[in-house]
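Given next are the chains, with one letter for each unit.
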Amino acid sequence: MSALLEVRVLSAQDAAPAEAGGADRLEVVGVLDDGALSPEPRLVAQIRSRTSLHLRPVVRLRPGYSTDGGEATRLRGLISADPTPGWTGSLSVLSTA
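Presented here is a report on the structure given in the accompanying data block. Owing to the predicted nature of the structure, the values given are computational and were not obtained by experimental measurement.

Here we look at the overall build of the protein chain
Stage number 1. Check the secondary structure of the protein chain and you find three helices and three strands.
Stage number 2. Along the protein chain, helices and strands appear, N-terminal first, in the series β-α-β-α-β-α.
Stage number 3. A total of 97 residues make up the protein chain; the buried ones form 33% of that total.
Stage number 4. The long-range fraction of contacts in the protein chain, counting pairs at least 24 apart against all pairs at least 6 apart in sequence, stands at 54%.
Stage number 5. Total accessible area on the protein chain is roughly 5,600 Å²; 54% of this is exposed by carbon and sulfur atoms.

Observations concerning the nonpolar core
Stage number 1. If you look at the biggest cluster of nonpolar residues, it comprises twelve residues: Val-9, Ala-12, Ala-15, Ala-18, Ala-23, Leu-26, Val-28, Leu-43, Val-44, Ile-47, Leu-53 and Leu-55.
Stage number 2. Among the secondary structure elements, those contributing two or more residues to this core are α1 (15–20), β2 (25–28) and α2 (41–48).
Stage number 3. When residues in this core are grouped by element, the largest group, three residues, is from α2.
Stage number 4. Beyond its immediate chain neighbours, meaning those up to four positions away, Ala-12 contacts Leu-43, Gln-46, Ile-47 and Arg-50.

Considering the pairing of β2
Stage number 1. Sheet topology places strand β1 (residues 6–9) next to β2; four bridges connect them, and they run parallel. Bridge pairing links Glu-6 to Arg-25 in β2.
Stage number 2. Note that β2 and strand β3 (residues 54–57) share four bridges and pair parallel. Residue pairing for β3: Glu-27 is matched across the bridge by Arg-56.
Stage number 3. Handedness of the β2-α2-β3 crossover: right-handed.

Looking at the pattern of salt bridges
Stage number 1. Evaluated as defined, the whole model comprises three salt bridges.
Stage number 2. Its salt-bridge partner being Glu-6, residue Arg-25 comes within 2.6 Å of it at the nearest N-O pair. Taken as a pair, Arg-25 in strand β2 and Glu-6 in strand β1 lie far apart in primary sequence, 19 residues in all.
Stage number 3. Residue classification places Arg-25 among the partly exposed positions, given a relative accessible area of 24%.
Stage number 4. Exposure remark for Glu-6: the relative accessible area of 29% places this residue in the partly exposed category.
Stage number 5. Linked through salt bridges whose partners overlap, the residues forming this network are Glu-6, Arg-25 and Arg-56.

Re the sheet that holds β1
Stage number 1. The three strands are arranged β1-β2-β3 in an open sheet whose pairing can be described as parallel. Lying at the two open borders of the sheet, with one neighbouring strand each, are β1 and β3. Strand-to-strand twist across the sheet, computed as the mean angle between neighbouring axes with direction ignored, equals 30°.
Stage number 2. Strand contacts of α2: β1, β2 and β3, with the helix running at about 165° to β3, the strand carrying the most contacts.

Each value, and the rule that gives it
In this convention, every chain numbers its residues from 1, walking through the sequence in written order. Reporting in this predicted model follows two pLDDT cut-offs: at least 70 for local features of residues, and 80 or more for side-chain atom pairs to be given and counted; totals over whole chains, interfaces and linings ignore these cut-offs and use all residues. Values reported for side chains reflect all heavy atoms of the structure, with hydrogen atoms and water molecules removed beforehand. A helix here means a DSSP run of H or I that spans at least four residues, while a strand means a run of E at least two residues long, and both kinds are numbered starting from the N terminus. Three labels apply to residues, based on accessible area from a 1.4 Å probe with only protein chains included: buried if under 20% of the type maximum, exposed if over 50%, partly exposed otherwise in between. Note on definitions: a residue-residue contact is assigned when non-hydrogen atoms from the two residues lie within 4.5 Å. Surface accessibility follows the Shrake-Rupley procedure with a 1.4 Å probe radius. Residue values consider only the protein chains on display as shielding. In this description, a nonpolar core means a group of buried Ala, Val, Leu, Ile, Met, Phe, Trp, Tyr and Cys residues linked to one another through side-chain atoms lying within 4.5 Å. Should DSSP find at least two bridges between two strands, the strands are taken to pair. Place the viewer so that the strands point away; then a crossover is right-handed whenever the path from the first strand over the helix to the second strand goes clockwise. When a carboxyl oxygen of Asp or Glu is within 4 Å of a side-chain nitrogen of Lys or Arg, the pair counts as a salt bridge. A fitted line through C-alpha atoms represents every axis, and for helices the fit uses only the stretch in contact; the resulting angles, taken between N-to-C directions, go from 0 to 180 degrees.

What follows is the structure, encoded as structure tokens:
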């Protein structure tokens with residue numbers, strides 16, 4: 001079994017050093033507040049323009065690790081709409097409990 005190196009990036013400027021350092025894929029976050037929140041689609045596009053690595057944007061719209069029905073609907077729409085070329089997956093950790 002081989003390991004993958006996933007590097008968390010916050011900006012397009014982070015992409016090249018991560019790739020040069022051996023990253024296999026990038027976890028894209030908008031802000032690090034409360035464990036990381038979703039990036040803006042334009043940030044994902046900017047990062048995509050700087051690297052060919054797989055991108056995994058975090059999908060969290062608010063602090064905490066729980067959600068309600070309305071936010072869950074918005075998150076599903078965000079994921080299914082694939083708003084930005086380069087989204088090769090998403091990372092979300094949520095609970096409705």
